[in-house]
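What follows is the residue order along each chain.
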Number of protein chains: 2
Amino acid sequence: MEIIIKPIGVVRTDVGDEFVKDSLEGVVGRIEIFKEYEGGLEGIEEFSHIIVLAYLHKVTEEQKKVLKVKHKRLLKLGFSLDELPEVGVFCSDSPHRPVPIALTIVKLVRREENILHVEGLDLYDGTPILDIKPYTPERIIKDITLPEWYVKLKKKVEEKIGRSLPI
Amino acid sequence: MEIIIKPIGVVRTDVGDEFVKDSLEGVVGRIEIFKEYEGGLEGIEEFSHIIVLAYLHKVTEEQKKVLKVKHKRLLKLGFSLDELPEVGVFCSDSPHRPVPIALTIVKLVRREENILHVEGLDLYDGTPILDIKPYTPERIIKDITLPEWYVKLKKKVEEKIGRSLPI
């Protein structure tokens, strides 16, 4: 079974892919929603945060076959590969996954007609947008439990850089 | 531009579509990940909650054209249509949207090989699954602001049924 999807918009940012990749907390950018869908944005500017679903179009067929991953983004913080646990791809946010859809929560700074100006974007210029949803209190689950490797890794990151960071 | 996606699994639940639709807090069910992707689930059982991205395959072409919506699910609670504000579709969780991808946070009860037993599912039996992501503390944004209509509607729901509910 195959599903055919027509994107509703595209990511625009003035920085290059490498800059986005290296940024730990995302970059400033714009979500350009195609004019035909502009009506669906009415009122979105009253939410401070939105959820962006995007299709990572640069992920290769080989990369879609990856089922075990390490949080390699953390190598930039001085971790060695051996320190990083290997986990199933669905336990991670890795872009290399069977269906490379990214879920990104960004800060919505302002709307200008069909353009959403956002902060905290970890998507490349040109990435197709599939959907926008508001970030509401229902998305907040307080009583969660996490794997030991996750808690340890998060603690190590905090020790290294002195603050919390998405891993 | 069109994107072709091959689902990684399917929703299984023993209740009918109407039962799922009428349930305010979701139903018990199973996420069946196809055997070829089972390796990617390794360790997922240590997370108490997961994010499920699913393709709402029963949404019609007409329903995909909807750009303004009311939270009609609340009619069940005794709201009148006039009481419900009309908002842009991207300000809502409506299944009727240009790209009908659902984002559902469910409780992961246990894993049995390629089957995830979950609670809080608002998806019909047979719905294709696109991706699974862990629910981690990074998904929790504490400092958010919300539209006035949203806050009012949420308060009205709480007054009507005596508890909070996703709207």
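Our subject is the structure listed above.
Summarised in this report is the structure supplied together with it. (Residues numbered from 1 in each chain as written. Chains lettered and ligands numbered in written order. Predicted model: local features only at pLDDT ≥ 70, side-chain atom pairs only at ≥ 80, totals over all residues.)

Re the sheet that holds strand β3 (residues 27-33) of chain A
Residue and element names in this part refer to chain A. Taken in spatial order, the six strands line up as β2-β3-β8-β7-β4-β9 and close into a barrel, and their pairing is antiparallel. Across this sheet, the average inter-strand angle for adjacent strands is 45°, counted without regard to direction. Both strand β4 (residues 49-55) and strand β9 (residues 128-134) contribute to a ladder of five bridges, which runs antiparallel. Residue pairing across strands places A54 opposite I129, the latter belonging to β9. (Pairing = 2+ DSSP bridges. Helix = DSSP H or I, 4+ residues; strand = E, 2+ residues; numbered from the N terminus. Axes fitted to C-alpha atoms, helices over the stretch in contact; angles between N-to-C directions.)

A word on the nonpolar core
Among the nonpolar cores identified, the biggest contains 68 residues, and L130(A) and L130(B) are the most heavily contacted of them. Ignoring sequence-local partners within four residues, the contact set of L130(A) consists of I5(A), P7(A), I8(A), L53(A), A54(A), Y55(A), I101(A), V99(B) and I101(B). (Core = buried A, V, L, I, M, F, W, Y, C linked by C-beta atoms within 7 Å. Buried ≥ 20, exposed ≤ 12 C-beta atoms within 10 Å, placed from the backbone. Contact = placed C-beta atoms within 7 Å.)

Focus on the relation of the copies chain B and chain A
Turning one copy of the chain about an axis and sliding it along that axis gives the other copy, so a rotation and a shift relate them. If you rotate chain B by 180° and push it 0.0 Å along the axis, it lands on chain A with an RMSD of 0.0 Å. In short, the pair behaves as if placed about a two-fold rotation axis. In terms of C-alpha distance to the rotation axis, chain B has I4(B) as its closest residue, with the C-alpha 2.4 Å off the axis. Comparing interface residues between copies, 100% of those in chain B also sit at the interface in chain A, which points to an isologous, same-surface contact. (Least-squares fit on C-alpha atoms with pLDDT ≥ 70 in both.)

Considerations on the interface of chain B and chain A
With 53 residues of chain B at the contact, the number on the chain A side is 53 residues. Elements represented by at least two residues in the side of chain B that touches chain A include exactly β1 (3-5), β4 (49-55), β6 (87-88), β7 (101-112) and β9 (128-134) of chain B. For the side of chain B that touches chain A, the leading source of residues is β9(B), giving six residues. Tallied by class, the residues present in the side of chain B that touches chain A amount to 34 nonpolar, eight polar and eleven charged. With three bridges connecting them, strand β1 (residues 3-5) of chain A and β1(B) associate as antiparallel partners. Looking across to β1(B), one finds that I3(A) is bridged to I5(B). (Nonpolar A, V, L, I, M, F, W, Y, C, P; charged D, E, K, R; others polar.)

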